[in-house]
Amino acid sequence: MKFRSIKGSRDILPEESHRWHAAEEAVRAVMQRFNYREIRTPVFEETALFARSIGEFTDIVGKEMYTFLDRSGTSLTLRPEMTASVIRSYIQNNLGEREPLVKVFYVGPMFRQERPQAGRLRQFHQFGAEAIGGAAPEVDAEVIALSAEVYRSLGVKNYSVKINSVGCPNCRPAYKSTLQAFLKGALADLSEESRRRFEQNPLRILDSKDENDRRLTAEAPLMKDHLCGECADHFSALGRLLGRLAVPFEIDGRIVRGLDYYTKTAYEITSGDLGSQDALVGGGRYDLLVSELGGKETPSVGFAAGMERLMMALERHLAADDGPSPTVFLASADERGRAWALEEAMGLRRKGIASESDLLGRSLKAQMREADRQRARFVVIVGEKELALEEAVLKDMRSGEERAVRLDSLAEVLRDSLR
Ligand code: HAM
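Since we're looking at a predicted model, the values are computed, not measured.

> I'd like a description of the site of the ligand, backed by residues and values.
The ligand sits among 27 residues. The nearest are Glu 81, Glu 114, Leu 121, Glu 130 and Tyr 262. A distance of 2.8 Å separates an oxygen atom of the ligand from a polar atom in the side chain of Arg 257. Gly 306 is positioned such that a nitrogen or oxygen atom in its backbone is 3.0 Å from an oxygen atom of the ligand. In isolation the ligand exposes 660 Å². Once the protein is present, 96% of that is buried.

> Just give me the short version of the nonpolar core, but keep the residues and values in it.
Counting 59 residues, the largest nonpolar core has Met 31, Phe 127, Tyr 151, Tyr 267, Phe 303 and Leu 310 as its most contacted members. Here the element with the most residues in this core is helix α5 (residues 137–153); it accounts for nine residues. Mapping this core onto the domain boundaries places at least three of its residues in each of domain 1 (14–171 + 227–314) and domain 2 (175–221). Setting aside its immediate chain neighbours within four residues, Leu 310 contacts Ala 23, Val 27, Phe 127, Tyr 151, Leu 154 and Leu 280. If you look at the next biggest cluster of nonpolar residues, it comprises 31 residues, including Val 61, Leu 95, Leu 259 and Tyr 262.

> Lay out the side chain of His 18 in plain terms, naming residues and giving numbers.
With respect to the secondary-structure elements, His 18 resides in helix α1 (residues 14–33). On the basis of relative accessibility, which here comes to 12%, the residue His 18 falls in the buried class. Of note is the side chain of His 18, whose polar atom sits 3.2 Å from the backbone nitrogen of Gly 323. In this structure His 18 touches Asp 321, Asp 322, Gly 323 and Pro 324, once residues within four positions along its chain are discounted.

> Report on unusual backbone geometry, specifying residues and quantitative values.
In this model, Asn 94 sits at a positive phi of 50°, which is unusual for a non-glycine residue. The residue Asn 94 is located in the loop between α4 (83–92) and β5 (102–111) in this model. Positive phi outside glycine occurs at Ala 246, with the angle close to 55°. Note on placement: Ala 246 falls in the loop between α9 (229–244) and β8 (250–251). With relative accessibility at 66%, the residue Ala 246 sits in the exposed group.

> I'd like a rundown of α9, residues and numbers included.
When the terminal C-alpha atoms of α9 are compared, their 23 Å separation across 16 residues agrees well with the 22 Å that a helix rising 1.5 Å per residue should span. Three or more residues of α9 are buried, namely Cys 231, His 234, Phe 235, Ala 237, Leu 238, Gly 239, Leu 241 and Leu 242. For α9, the secondary structure elements touched by its buried residues are α5, β7 (159–165), β8, β9 (265–271) and β10 (279–285). Ala 246 occupies a position one or two residues after α9 and carries a positive phi of about 55°.

The rules we used
All residue numbers here refer to positions counted from 1 along the written sequence of the relevant chain. This being a predicted model, a pLDDT of at least 70 is required before a residue's local features are given, and a value of 80 or more before pairs of side-chain atoms are given or counted; all residues contribute to the totals for chains, interfaces and linings. The side-chain figures draw on all heavy atoms in the structure; neither hydrogens nor water molecules are used. Here a residue is considered near a molecule or strand provided that any single heavy atom belonging to it is located within 4 Å of it. Pairing of N or O atoms within 3.5 Å defines a polar contact, subject to two protein rules: one partner must be a possible hydrogen donor and the other a possible acceptor, and residues neighboring in sequence count only if both atoms are side-chain atoms. Surface accessibility follows the Shrake-Rupley procedure with a 1.4 Å probe radius. Residue values consider only the protein chains on display as shielding. Throughout this description, the term nonpolar core refers to a set of buried Ala, Val, Leu, Ile, Met, Phe, Trp, Tyr and Cys residues connected via side-chain atoms within 4.5 Å. Relative accessibility under 20% of the residue-type maximum defines a buried residue, over 50% an exposed one, and the middle range a partly exposed one, all with a 1.4 Å probe and only protein chains included. Note on conventions: DSSP H or I runs of at least 4 residues are helices, E runs of at least 2 residues are strands, and numbering of each starts at the N terminus. By convention here, the domain bounds are inherited from an automatic or database domain assignment. We call two residues in contact whenever any of their non-hydrogen atoms come within 4.5 Å of each other. A helix is expected to span 1.5 Å multiplied by its residue count minus one.

Structural data, given as structure tokens:
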């Protein structure tokens, strides 16, 4: 029998995991500089949590969730995103009682049964942040700046920050009717998907990828031009603040997002290098979600970003790095040397020096080839003769330089040479 990974899921192999570590470390470093602390929640939750938060009529809840009954008959879902889980945890653990503005970040796997393609997986990874408890546009500005900073600090250049406002319950219903009135005449010509969205979620028609839909909606009224006073003030303040923070952005009135919880700010960061799945980041404000899930009214804003897409964007900007390698390869010339090497490698490791010895009984020539393949910085060859003399030759694989070292001072010599 042959097993393969599930369609849309993939292995992160040993030769690439160090690049993931480096990217995750860069993300954590930026999060720390912005004073966000990590939160980890379970990968599954009650199905109703996501249905309630993301919205019954969204693609995610309607057709993409991995939902199953556990053995006790409870409907569980593998998290398709983190905002719902974070807010569930915020309410459950009374995080708001400890500090007025809770700033958290996360990195981890998410699950959506989408059609896999380049940059779109069924198990993918997100990093993201949520600032829970702040209504002012300063919070939106900081969150957007934080997300852009991750790409800037990693040297990704070809990206754009696009912001919009999707209004609030005061202004959105009237706009929705205005938009529906505009679309009504063209309804029969819209794509099937857009026709389906007409009643429940006509705003989503504006970000349809269908060419004909785009043509028919080119002149459609946009939410940003129909905001109530409060939403309009918030949106213009956000623009000013981003300017002060030196975060280049554009206003894109067609950004509507595929999750229902947004109010006021909605934004995306897209990359010019990624083809059709070009969204690096999606986020925005969600002032009503905490109260909808049973907490106090708590205005909040956040974002999430695809790790795989960050890695794809980085591929074009970072030179390939080979990853970690052993400091020393202890090659053995004979049986006694082999036993010594196994024990010495252990001693060196306990002193913090990455070491490798031959575990496969290979010839000396094969061991030297192996040390080279592993990019070991130094090689020591030890056999009966060296053990008798308590001295061996240490070869610097970078410079080719060779010198005699006493075996009992190997750790010190290696440490000194690395300084
Ligand atoms: P989202 O737009 O659904 O928002 O996802 C955010 C990002 O996750 C996308 O821009 C993309 O980079 C990545 N992503 C989404 N689906 C996939 C997939 N199937 N394969 C690979 N990458 C993917 C959210 O998830 C919201 N929770 C964001 C948020 C946080 N809003 C407020 N706080």
